[in-house]
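Tertiary structure, described
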Amino acid sequence: GTLPFGPSSFQAKHEAGLNNVLEVAKRYPSIRRAILVTPQNGGPLASMAQPFKDHAEQALRTSGLPYVILRPAQLSEVVGGELEIEVTAATDGASDTSVTP
């Protein structure tokens, strides 16, 4: 199993994997933008997932890549519905956040 701490923890593996993806993306000029989808929904695992989501967003912001962060209110397999989505985008170091109902 995976220990909850140390270099073989889920968090350490998640952070290392994300950092590897960002480093590889920087080597390919054809990659014009990184996109991260991170749902805002609560639920039983929300507090456990928050540190991973925070790290992913911070790593993306400091990567130097243009990026878009999508924070849908909820992800589900149900068609339709009207929930808000928060979008943070940055190009050339400037970021902008908007919420769409």
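Use the structure listed above.
**Things to note about the overall build of the protein**
- Scanning the protein from N- to C-terminus turns up 2 helices and 4 strands.
- The secondary structure elements of the protein, listed N-terminal to C-terminal, are α-β-α-β-β-β.
- For the protein, with 101 residues in total, the buried portion stands at 23%.
- In the protein, of all internal contacts separated by at least 6 residues, the share reaching a separation of at least 24 is 47%.
- Carbon and sulfur atoms make up 57% of the accessible area of the protein, which totals about 7,200 Å².

**Some thoughts on the pattern of salt bridges**
- For the structure shown, the criterion picks out 3 salt bridges.
- Between Arg61 and Glu57 there is a salt bridge, and its shortest N-O distance comes to 3.3 Å. With Arg61 and Glu57 both in helix α2 (residues 46–61) and 4 residues apart, the pair spans about one turn of that helix.
- Here Arg71 ties to Glu57 by a salt bridge, and the two come within 2.9 Å at their closest N and O atoms. Taken as a pair, Arg71 in strand β2 (residues 67–72) and Glu57 in helix α2 lie far apart in primary sequence, 14 residues in all. The same class applies to Arg71 as to Glu57, namely buried.
- Residues participating in the shared-partner salt-bridge network are Glu57, Arg61 and Arg71.

**What to know about the nonpolar core**
- Ranked by size, the top nonpolar core spans 12 residues in total: Leu18, Leu22, Ala25, Ala34, Leu36, Ala56, Ala59, Leu60, Leu65, Tyr67, Ile69 and Ala90.
- For this core, the secondary-structure elements that each account for two or more residues are α1 (10–26), β1 (34–37), α2 and β2.
- Those residues in contact with Ala34 that sit more than four places away from it in its chain are Leu60, Leu65, Pro66, Tyr67 and Val68.

**Structural notes on a nonpolar patch on the surface**
- Together, Val24, Tyr28 and Ile31 line one region of the surface with nonpolar side chains, adding up to about 260 Å² of accessible area.
- Given a relative accessible area of 37%, Ile31 falls into the partly exposed group.

**Looking at the pairing of β2**
- For β2, the buried fraction is high: 5 of the 6 residues fall into the buried class.
- When β1 meets β2, the two strands line up parallel, connected through 4 bridges. Across the sheet, Ile35 pairs through a bridge with Val68, a residue of β2.

**Concerning the side chain of Glu57**
- The exposure class of Glu57 is buried, given its relative accessible area of 10%.
- Here Glu57 is in contact with Leu36, Thr38, Ile69 and Arg71, once residues within four sequence places are set aside.

**Remarks on the environment of Ala49**
- Among the secondary structure elements, Ala49 is positioned in helix α2.
- For the pair Ala49 and Gln11, spaced 38 residues apart in sequence, the C-alpha separation works out to 9.5 Å.

Conventions used here
Residues numbered from 1 in each chain as written. Predicted model: local features only at pLDDT ≥ 70, side-chain atom pairs only at ≥ 80, totals over all residues. Heavy atoms only, no water. Helix = DSSP H or I, 4+ residues; strand = E, 2+ residues; numbered from the N terminus. Buried < 20%, exposed > 50% of the residue type's maximum accessible area, 1.4 Å probe, protein only. Contact = heavy atoms within 4.5 Å. Areas by Shrake-Rupley, 256 points an atom, 1.4 Å probe, with all protein chains shown as cover. Salt bridge = Lys/Arg side-chain N within 4 Å of Asp/Glu carboxyl O. Core = buried A, V, L, I, M, F, W, Y, C linked by side-chain atoms within 4.5 Å. Patch = residues over 30% accessible without salt bridge, like charges linked within 9 Å, V, L, I, M, F, W, Y side chains within 5 Å. Pairing = 2+ DSSP bridges.

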